[in-house]
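Reading the structure
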Amino acid sequence: MKPLLSESEDNDALLALGRASVQIVHDLKNQLNGLKLYATFLRKRLEKSDRATDELETIHKLIAGLDRSASDLSMIVEYGQPLHLKRQPQTDLVKLIREVVVNLNDRPQLTGSLTGSLMINAEPGQFLGEFDSALLAGALKSISLGAMKLANGKQPGGVVEIRLRRGSPDTAQHGVIEWPVIDSSDHDPFHSFAGSNEIRLSLAARVIEAHGGSAQRQAENLCVRLPLT
């Protein structure tokens, strides 16, 4: 029976494992980028020829899959890094969400095999706060994609409505964003590492919490609260 490691030895082992994992992820990303270059070259050759449309469509799907895999690897590296917020005063939360929705609805390659669309239902008025626009937009995008994935499991091709409202009277200085997921399970994807979707949502929750907010599963909704100014 091997002796137990001391706490310091255990921490050193975890640090070494973390550094090795980051290097492995970096090498895998380089290999994926190399495959994408070959696939892009093949796509250009096919576009210039009279090859069948389904062959070109297959190449497009391959490139999109490589992009998503590279994004997942980047996410793993980002999860272990500290967040450095660059807050901007008077940032409009409605505008951020609207840009995310337009981006996802107009660029189907970002949603992969997911079907359906997103729409916003926001209370009138401004939702201003001190936010890091880039980081928060990325977190809202991840949550929106996660909500689409959960909704697709029950109702493929439907519309996911993003609701934005003010909090209850005692939390009126908070903006509340809700994504219905049409899922009766009690699984909280914000605090799980069951798959790439959950890891992405956990990273988004870190960004929300760094802004002084919270992200959690409430009944059949993914719910985010953010402080307003």
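Here we summarise the structure given alongside this text. (Residues numbered from 1 in each chain as written. Predicted model: local features only at pLDDT ≥ 70, side-chain atom pairs only at ≥ 80, totals over all residues. Heavy atoms only, no water.)

1. Re helix α5 (residues 196-210)
With 15 residues, α5 extends 21 Å from end C-alpha to end C-alpha; this agrees with the ideal 21 Å at 1.5 Å per step. Along α5, eleven of the 15 residues are buried, which leaves the element largely enclosed by surrounding structure. Among the residues of α5, Asn197, Glu198, Ile199, Arg200, Leu201, Ser202, Leu203, Ala204, Ala205, Val207 and Ile208 are the ones counted as buried. At the exit of α5 stands Gly212, carrying a positive phi of roughly 85°. (Helix = DSSP H or I, 4+ residues; strand = E, 2+ residues; numbered from the N terminus. Expected span 1.5 Å × (residues − 1). Buried < 20%, exposed > 50% of the residue type's maximum accessible area, 1.4 Å probe, protein only.)

2. Here's the deal with the packing of aromatic side chains
The description of two aromatic rings rests on the distance between their centres and on the angle between their planes. Enumeration over the complete set of coordinates arrives at zero aromatic pairs. Taking NZ or CZ as reference, Arg166 lies 4.4 Å from the ring centre of Phe127, over its face. (Phe/Tyr/Trp six-rings, centres within 6.5 Å; stacked < 30°, edge-to-face > 60°. Lys NZ or Arg CZ within 6 Å of the ring centre and 35° of its normal.)

3. Looking at the pattern of salt bridges
Scanning all chains against the criterion turns up five salt bridges. The salt bridge partner of Glu178 is Arg163, with a shortest N-O separation of 3.5 Å. Taken as a pair, Glu178 in strand β5 (residues 174-180) and Arg163 in strand β4 (residues 159-166) lie far apart in primary sequence, 15 residues in all. In this structure Glu178 comes out as buried when scored by relative accessible area, which is 10%. Taking the shortest distance from any N to any O, the salt bridge between Arg165 and Glu178 comes out at 3.2 Å. Taken together, the residues Arg165 in strand β4 and Glu178 in strand β5 connect sequence positions 13 residues apart. The exposure class assigned to Arg165 is partly exposed, which follows from its relative accessible area of 28%. Connected through shared salt-bridge partners, Glu161, Arg163, Arg165 and Glu178 make up one network. (Salt bridge = Lys/Arg side-chain N within 4 Å of Asp/Glu carboxyl O.)

4. Quick word on the sheet that holds strand β2 (residues 117-122)
The pairing of strands in a sheet comes from backbone hydrogen bonds and takes either a parallel or an antiparallel form. If you walk across this open sheet you meet the five strands as β2-β4-β5-β7-β6, and the pairing is mixed. In this open sheet, the two edge strands, each paired with only one partner strand, are β2 and β6 (214-218). Looking at each pair of strands side by side, their axes are set apart by 20° on average, direction ignored. Here β6 runs beside strand β7 (residues 221-227); their pairing, made up of five bridges, is antiparallel. Among the inter-strand pairings, Ser214 is bridged to a residue of β7, identified as Arg225. Together, β2, β4, β5 and β7 form the strand contacts of helix α3 (residues 93-106), whose direction differs from that of β2 by roughly 160°. (Pairing = 2+ DSSP bridges. Axes fitted to C-alpha atoms, helices over the stretch in contact; angles between N-to-C directions. Contact = heavy atoms within 4.5 Å.)

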